[in-house]
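# What the coordinates show
The primary structure of each chain is shown beneath.
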Amino acid sequence: MKFRTLKNWQNLDQLEGLVFFVQLLEELLFDYSLDTYKPSAMNSSTLCLETLELIKDIENEVIDQANLPHVLEELALNLKRDEVVHSLLDIDIESACSQLLNADANLYQIKVTVEIIYSQIRLPLYKEQNEILLLEAVRNGREKNRIRALTRSYASSLITLGYSNQYLYAVTRKTFHWGRKQIHQPEDISLFFDMVKGNPVEYQVLFKGDSLFLEIADSCEKLDISISRDVPPEIESYINAKNFTLDEEDDVYLICEKVNSLDVFSARESVERRLDRLSALTNIFHHKQVPSWSKGALLINKSVNSSRIVPASRNPMHMCSDRRSKDAADDLYKFIENFSLAEKQSFQKYTRAVELHALALRSDSPENQLLNLWVSLETITPGKLNRNKAKINNIIDSTLPFLSLTYLHSLTDRLIQDFKLWNARETFSLINPITGESDREKLIRLLVLPQHEEQKQLLYKSLGDFHLLRNRAHYFSENLSSTKKINRIIDNHWLRVSWQIRRIYRARNQIVHAGHTPAHINILIKNIHDYLDIVMSSIAGLAADGKKINTLDQAYRYVELSYNDYRASLGDGSIGDDNINQLLVSKNI
């Protein structure tokens, strides 16, 4: 989270809601935001579509019907909470949700009910109504929770429609920070809406490839890719203007005409997926050589006489915070020196999971990334501890204690980082008088303990127009103040992540059994990558201690017991000096 200058904004005292929307949208679209602060993979409209696709897969015996109740539970909860749905549906939502959750309803009855709901909240209708409600919310300015819910669902809609994160992030910055137009009224949110109307643009896409493409030119034509050694005269000016000439004498141009996409990044990615498919097919018949092509592509929009070089999209596997090289090297040494998974099978399973994780990191294929990450998570999940559970239930129940024990720590750790990024000097001046061993602990104490109320108000005031960070700090101040609220945060996180793990599992099954790639696969990759990293780093920390555990089964049982102890210690009371370290500050794994 970063505060952007508002130098081209006027009447800021009347634009609190719009400023909050822009700051929130930028965080949602930033590649390195925490999963909690990223757009959801689904909103109510896309959940209806997912449910109908799942029912179709069940009917075709691709997926077991046992997967359906969890999807219906998520759909019903979203429908009940979604303001956009309430404003669009002309049927009673409670009654419809009761039918969806009715254990006696058959598959066809559920299908018809979802179809009725979906017909009224199809994505174009949902997006349009979402915009109307967002404008209404930013005019008010004080309803931050409402703006947040509407912005999150809106971002999910745009990504599902086919807009790339890169485009949306760049358009947000350009519209509200880089543009020449002054922002002076809440209605200026329509400047962004006008940039995402959902109208496809026709592009001509050029890559540079090696000479092997000449040998498979006929096959390329079948995928609407033409091969040319010479510069096509009609686009020569575009190639020269961007210096997109061939690098080697034997290189060729790979040209795709009439690529309809919502933005240049999506257009480039759609063509590269064709090239990936072609390369994979070539491997079947030619194992030693595979065709290669440039990372950058030239995209031409003749209708407006423009062109640009579009680089490769950022690999979703790399969208995570990373360690400094020296810190990573030090931890690696301690890990190897003290690693205590002495049991041969545990060590082999853990290293195999590490190898699968490495394969996902090296791969450019989203499908391979997701499959390798899933198999890695499945490999280290113990089977003997929960033999009587279905595989997916075992993975969820084994993984979630790791994620739940580290959840609040990761959120509050990011919070202090955000404060330092905003203004390190001001942050230190406000938290240094607070007792604590770390900056994170001092900030938590300032926000939660009633004796620091005056200092907390000074902190809020100092944030000025940084409404998102103030709102985030206020959220933690309110919700970390009692064990009842902390329990609710952890329960909601457990439920949301269990749904997402099931969604990843269904995506894995779709790829393997139906050859279908979900549209939101990049979000799923980032999610499972984060889940796996938390589990593996936690196990590594326990094993490197040399005393706590010696097998993978012991690691999982140790974390399960720690989680149970933590939930029991929360009880039902307030947070004070006597328990704040145990419940909020100390690391639980």
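To start, this report covers the structure provided alongside it.

Reading the values: rules and limits
Residues numbered from 1 in each chain as written. Predicted model: local features only at pLDDT ≥ 70, side-chain atom pairs only at ≥ 80, totals over all residues. Heavy atoms only, no water. Phe/Tyr/Trp six-rings, centres within 6.5 Å; stacked < 30°, edge-to-face > 60°. Helix = DSSP H or I, 4+ residues; strand = E, 2+ residues; numbered from the N terminus. Buried < 20%, exposed > 50% of the residue type's maximum accessible area, 1.4 Å probe, protein only. Expected span 1.5 Å × (residues − 1). Arc of directions from axis to C-beta. Contact = heavy atoms within 4.5 Å. Polar contact = N/O pair within 3.5 Å; in protein donor to acceptor, adjacent residues only side chain to side chain. Patch = residues over 30% accessible without salt bridge, like charges linked within 9 Å, V, L, I, M, F, W, Y side chains within 5 Å. Areas by Shrake-Rupley, 256 points an atom, 1.4 Å probe, with all protein chains shown as cover. Salt bridge = Lys/Arg side-chain N within 4 Å of Asp/Glu carboxyl O.

## With respect to the packing of aromatic side chains
By the definition in use, this model includes 16 aromatic pairs. With centroids separated by 6.5 Å and ring planes inclined at 65°, the aromatic side chains of Tyr154 and Phe192 adopt a geometry described as edge-to-face. Taken together, the residues span a long stretch of sequence, with Tyr154 in helix α8 (residues 144–161) and Phe192 in helix α10 (residues 190–193) at a distance of 38 residues. Judged by centre distance (6.4 Å) and plane angle (25°), the ring pair of Phe176 and Phe192 falls under stacked. One end of the pair, Phe176, is in helix α9 (residues 165–178); the other, Phe192, is in helix α10, and 16 residues separate them in sequence. Considered together, Phe176 and Phe192 belong to a single accessibility category, that of buried residues. Aromatic rings pair up to connect Trp9, Phe21, Tyr154, Phe176, Phe192 and Phe193 into one cluster.

## Overview of helix α6 (residues 107–120)
Every α-helix carries 3.6 residues per turn, so stepping three or four residues along brings you back to the same face. With 14 residues, α6 ought to run about 20 Å at 1.5 Å a step, and its terminal C-alpha atoms sit 21 Å apart, in line with that. Listed in full, the buried residues belonging to α6 are Leu107, Ile110, Thr113, Val114, Ile117, Tyr118 and Gln120. Buried residues of α6, viewed axially, fall in a sector of 160°; they line one side. Each element contacted by the buried residues of α6 is listed here: α2 (44–59), α3 (68–81), α4 (83–88), α5 (93–100) and α7 (123–140). Between the side-chain oxygen at the start of α6 and the backbone nitrogen of Tyr108 there is a gap of 3.1 Å, and the oxygen is on Asn106.

## As for a nonpolar patch on the surface
Residues Leu281, Ile284 and Phe285 make up a contiguous nonpolar surface patch of roughly 370 Å² in combined accessible area. As for its position among the elements, Phe285 is in helix α14 (residues 264–285).

## Digging into helix α20 (residues 453–462)
Buried within α20 are the following residues: Gln455, Lys456, Leu459 and Tyr460. Down the axis of α20, the buried set is contained in an arc of 145°. They therefore lie on one face. Residues Glu454 and Lys461 are exposed on α20 and point more than 90 degrees away from its buried face.

Distances and angles like these do not, on their own, reveal function.
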